[in-house]
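Descriptive structure summary
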Amino acid sequence: MNPVTHAPTDGQVELLIGGMTCASCAARIERKLNKLDGVTATVNYATEKARVDYTGDVTPDDLVSAVEAAGYSAALPTPPSTADSADVAVAEDDPTSALRRRLLISLALSVPVIAMAMIPALQFTNWQWLSLTLAAPVVVWGAWPFHQAAWTNLRHGTATMDTLVSMGTLAALGWSVYALFWGTAGVAGMTHPFELTIARTDGTGNIYLEAAAGVTTFILAGRYFEARSKRRAGAALRALLELGAKEVSVLRDGVEQRIPVDRLAVGDEFVVRPGEKIATDGDVTEGSSAVDASMLTGESVPVEVGPGDRVVGATVNVGGRILVRATRVGSDTQLAQMARLVEDAQTGKARAQRLADTISGVFVPIVIALSVATLGYWIGTGGSVAAAFTAAVAVLIIACPCALGLATPTALMVGTGRGAQLGILIKGPEVLESTRRVDTVVLDKTGTVTTGRMTLQDVIAGEGEDTAEVLRLAGALEDSSEHPIAQAIAKGARDRVPAAELPRVEEFANIEGLGVQGVVDGHAVIVGRVRLLEDWAQPLSADLESALRTAESEGKTAVVVGWDGRARGVLVVADAVKATSAEAISQLRGLGLTPIMLTGDNAAAARAVADEVGIDEVIAEVLPQDKVETVRRLQAEGRVVAMVGDGVNDAAALAQADLGLAMGTGTDVAIEASDLTLVRGDLRAAADAIRLSRKTLRTIKGNLFWAFAYNVGALPLAAAGLLNPMLAGAAMAFSSVFVVSNSLRLRRFR
């Protein structure tokens, strides 16, 4: 493919990076890009992307070349069109499938090798040759990604855990081959006796194949579980873009035509029927309706719209038929902007430097230096070359981090498995680091602290009126309307009125934007806004006026009922607070977190809910981009922020937060953008999730400590040439068993 030439320009580009195996790879690419004049780059290991700002004569091709010069691959993204995005999603291969296949084949080959080395009863005549046959493909083919990474590191004069894994496994295989062909290990009847004695040997009778195969398989398992969690990073954007309408009924020369949304142009007029999604951002030109924008704005009450009002793409028309003129299409729509916000927040998220990689930056060069020093010392002091090589290779083998490969994945597997049983889904190891430091928890209101559904809260009857009768007649009339507030009243009536059925309605009519009217049990009943009753000369009495004002001051929706020439009552509808929310806030405070409510809903409604559950700080009437800015502002103040939300409008803030927790009852977009998903939709699970994550992180750190402590403790013995292979194998097995046992304690988490 011919490179594209670009004129000197300023701009921003996102590169897709391939070949990174650890956080230090990301740091190396970042340093390489930032050395170019006029370039500022951030590389995210988790999403495998580089966000690059460039000025002057630098072109995107120069950036790609710089990454390739560092030993990695880079490509400019080519987003698919909306029309064929579904086909692309189907065609896309699972990027973890190759790694899974490599892991399963290595595991099948390694188990018999380890069993034969550890159990003398299985050591039949010439067993060592079967071990070589099974272990060689594991070390050469199974560990190939580590060898590739080690070679890249060597060319750039650096060392990572990949270097140690590659050197250790190749040294173990190489020495075993030497001992089998040129030493005494290949003779028929050779055994590894199960004796844990410390003695100096020349090593020509020992093979280390189980160490080489076991280490490769354990570390492949760790990489697989890590890759599986990383794979979900891009799913938030796919889920967000899936929300939009796929087809639209556009008016061309007065005739309706169904066309794909991507063929819609600015200025086109399109029809939106009740229950349909609005195809793109635009202005209403004809008709009136109620639009449910809760997924985008967090506002729990549907918004009434009429000619001249602006509507947003992907929101749902729940009322009448409207005609909309498109004002923004494609990448300019609010939905597309929110997708960009989510991606920006994900790409800009702090890179979680893995503990093992951080330590390996120091540990690996020391081990290599110690191995070379051991070889030089033994030869320099008159020891045999065979004994010197035995000691030097023993240093590499004993340092090869067998338990280290298990430390993170086993704790993560047990912790995430226990979390799943409790309705908590943890995305990956980066998440755990965030939970330890979190000090502020930002909570969305609608669908998180509250149920997200309108419910009938109160019925206030006028003087001399029967409350049950007010509700019975209003509920019967509202049952014929599809409006969410009407449905809440109808459900409330069915739940509270003793009669088996609500009475029949005659002459039902929907008065756009104001309410409904009809004949119920011989009464001419009207239910709706105050203005509707005033139009029918039915003014509110002082007590009903007071009830209406009180409800509105608390951010609730008040609907008035009248019949036969008089106002008879007020119905109060609101988004109900979940029964467990107050207890959940108390538990979050107990974990040392400061709760803040952040919502797109009106201030009065937000304040009323916050007071009910015990939240002091409220930030209301914010747009999705304001939510992101609020999280950034809190982070700039030095706070470590957890965000709990459930809607599309929360997705970017969930991605921006140090820890994102999505309610499983919410939208796919919020779930994909988060770090933790609370399946039950119960806010108490947020406190459980943070406790479980903190405990899992403590277990991982404990595992890493003991894995390294074993390596460090055994290195002097190896350097002194005192390690017999059985002792080394048993010690390595013990450290692995300890790490697994320590991880299994997480199953008892309550």
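Residues numbered from 1 in each chain as written. Predicted model: local features only at pLDDT ≥ 70, side-chain atom pairs only at ≥ 80, totals over all residues. Heavy atoms only, no water.

1. Side note on the overall build of the protein
- Secondary structure assignment for the protein yields 27 helices and 26 strands.
- Sorting the 750 residues of the protein into buried and exposed places 53% on the buried side.
- When contacts within the protein are restricted to residue pairs at least 6 apart in sequence, long-range pairs at least 24 apart make up 70% of them. (Helix = DSSP H or I, 4+ residues; strand = E, 2+ residues; numbered from the N terminus. Buried < 20%, exposed > 50% of the residue type's maximum accessible area, 1.4 Å probe, protein only. Contact = heavy atoms within 4.5 Å.)

2. A closer look at the packing of aromatic side chains
- Taken as a whole and judged by the stated rule, the model has seven aromatic pairs.
- Geometrically, the ring pair formed by Trp175 and Tyr178 is tilted, given 4.9 Å between the ring centres and 40 degrees between the ring planes. You can see Trp175 and its partner Tyr178 sitting in helix H7 (residues 161-181), three residues apart, about one turn around the helix.
- Residue classification places Trp175 among the buried positions, given a relative accessible area of 7%.
- Judged by centre distance (5.7 Å) and plane angle (75 degrees), the ring pair of Tyr377 and Trp378 falls under edge-to-face.
- Taken together, Trp129, Trp175, Tyr178, Phe181 and Trp182 form an aromatic cluster joined through their ring pairs. (Phe/Tyr/Trp six-rings, centres within 6.5 Å; stacked < 30°, edge-to-face > 60°.)

3. So, helix H23 (residues 624-636)
- With 13 residues, H23 ought to run about 18 Å at 1.5 Å a step, and its terminal C-alpha atoms sit 19 Å apart, in line with that.
- Listed as buried for H23 are Pro624, Lys627, Val628, Thr630, Val631 and Leu634. In an axial view of H23, the angular spread of the buried residues amounts to 160 degrees, which keeps them on one side of the axis.
- Gly638 sits one or two residues past H23 and shows a positive phi near 95 degrees. (Expected span 1.5 Å × (residues − 1). Arc of directions from axis to C-beta.)

4. As for the sheet that holds strand E13 (residues 322-328)
- Sheet architecture is open: six strands sit in the order E6-E5-E7-E13-E8-E11, paired in antiparallel fashion. Edge positions in the sheet fall to strand E6 (255-260) and strand E11 (310-311), since each has one partner strand and no second.
- As paired strands, strand E5 (residues 247-252) and strand E7 (residues 269-272) are joined by three bridges and run antiparallel to one another. Residue Ser249 lies in a different strand from E7, and its bridge partner there is Val271. (Pairing = 2+ DSSP bridges.)

5. Let's talk about the sheet that holds strand E17 (residues 505-511)
- Strand order in the open sheet formed by six strands is E16-E21-E20-E19-E18-E17, and the pairing between neighbours is antiparallel. Here the strands that pair on one side only, and so sit at the sheet edges, are strand E16 (450-461) and E17. In this sheet, adjacent strand axes meet at a mean angle of 20 degrees when their direction is disregarded.
- In terms of strand pairing, E17 meets strand E18 (residues 515-520) through five bridges, oriented antiparallel. (Axes fitted to C-alpha atoms, helices over the stretch in contact; angles between N-to-C directions.)

6. Quick word on the packing of helix H4 (residues 97-118) against helix H5 (residues 127-142)
- Where H4 meets H5, the closest approach of the two axes is 9 Å, and the angle between their N-to-C directions is 150 degrees. Classified by the angle their axes make, H4 and H5 are roughly antiparallel. Along this stretch, H4 crosses H5, giving a crossing that reads as left-handed. Contacts between H4 and H5 involve Arg101, Arg102, Ile105, Ser106, Leu109, Ser110, Pro112, Val113, Met116 and Ala117 on the former and, on the latter, Trp127, Leu130, Ser131, Leu134, Ala135, Pro137, Val138, Trp141 and Gly142.
- In terms of residue class, the contact of H4 with H5 is built from 13 nonpolar, four polar and two charged. (Parallel < 35°, antiparallel > 145°, perpendicular 65-115°, else oblique. Left-handed = near helix turned anticlockwise from the far one by under 90°. Nonpolar A, V, L, I, M, F, W, Y, C, P; charged D, E, K, R; others polar.)

7. What about helix H21 (residues 581-590)?
- Buried within H21 we find Ser581, Ala584, Ile585 and Leu588. Along the axis of H21, the buried positions cluster into a sector of 100 degrees, meaning they face one direction only.
- At its buried positions, H21 is contacted by strand E15 (440-443), helix H16 (445-449), strand E21 (566-577), strand E22 (594-598), helix H22 (603-613) and helix H26 (684-719).
- Looking one or two residues past H21, Gly592 carries a phi angle of roughly 85 degrees, positive in sign.

8. Observations regarding the packing of helix H6 (residues 144-155) against H7
- One can describe the packing of H6 onto H7 by two numbers: an axis separation of 8 Å at closest approach and a directional angle of 115 degrees. Between H6 and H7 the crossing geometry is left-handed. Counted together, Phe146, His147, Ala149, Ala150 and Asn153 of H6 and Asp162, Thr163, Val165, Ser166, Thr169 and Leu170 of H7 form the full contact between these two elements.
- A breakdown of the residues in the contact of H6 with H7 according to their chemical character gives five nonpolar, five polar and one charged.

9. Let's talk about the confidence of the model for the protein
- Looking at the protein as a whole, the pLDDT averages 81, with 83% of positions reaching at least 70.
- Confidence scores differ between elements of the protein, with helix H3 (residues 85-91) showing the lowest mean pLDDT of 39 and H5 the highest of 95.
- In the model, residues 1-8 has pLDDT below 50 throughout and makes eight contacts with residues more than four positions away in sequence or in other chains.
- Scored below 50 in pLDDT, residues 349-353 makes 14 contacts in the model with residues more than four places away or belonging to other chains. (pLDDT = per-residue confidence, 0-100.)

10. Details of the pattern of salt bridges
- Tallied over the entire structure, the rule returns 31 salt bridges.
- Notably, a salt bridge pairs Asp444 with Lys627, separated by 3.2 Å at the nearest N-O pair. Here Lys627 lies in helix H23 and Asp444 lies in the loop between E15 and H16, a separation of 183 residues in the sequence. Comparing Asp444 with Lys627 shows no difference in burial state: the two are buried.
- Where Lys445 meets Asp575, a salt bridge forms, and the shortest distance between an N and an O atom there is 3.8 Å. With Lys445 in helix H16 and Asp575 in strand E21, this pair connects stretches of sequence that are 130 residues apart.
- Classification of Asp575 as buried rests on a relative accessible area of 9%. (Salt bridge = Lys/Arg side-chain N within 4 Å of Asp/Glu carboxyl O.)

11. Thoughts on unusual backbone geometry
- Even without a glycine there, the phi angle at Asp253 is positive, about 55 degrees.
- Here Asp253 lies in the loop between E5 and E6.
- Given the relative accessible area of 83%, Asp253 is considered exposed.
- Of note in this structure, Glu507 is not a glycine but carries a positive phi near 55 degrees.
- Position of Glu507 among the secondary structure elements: in strand E17.

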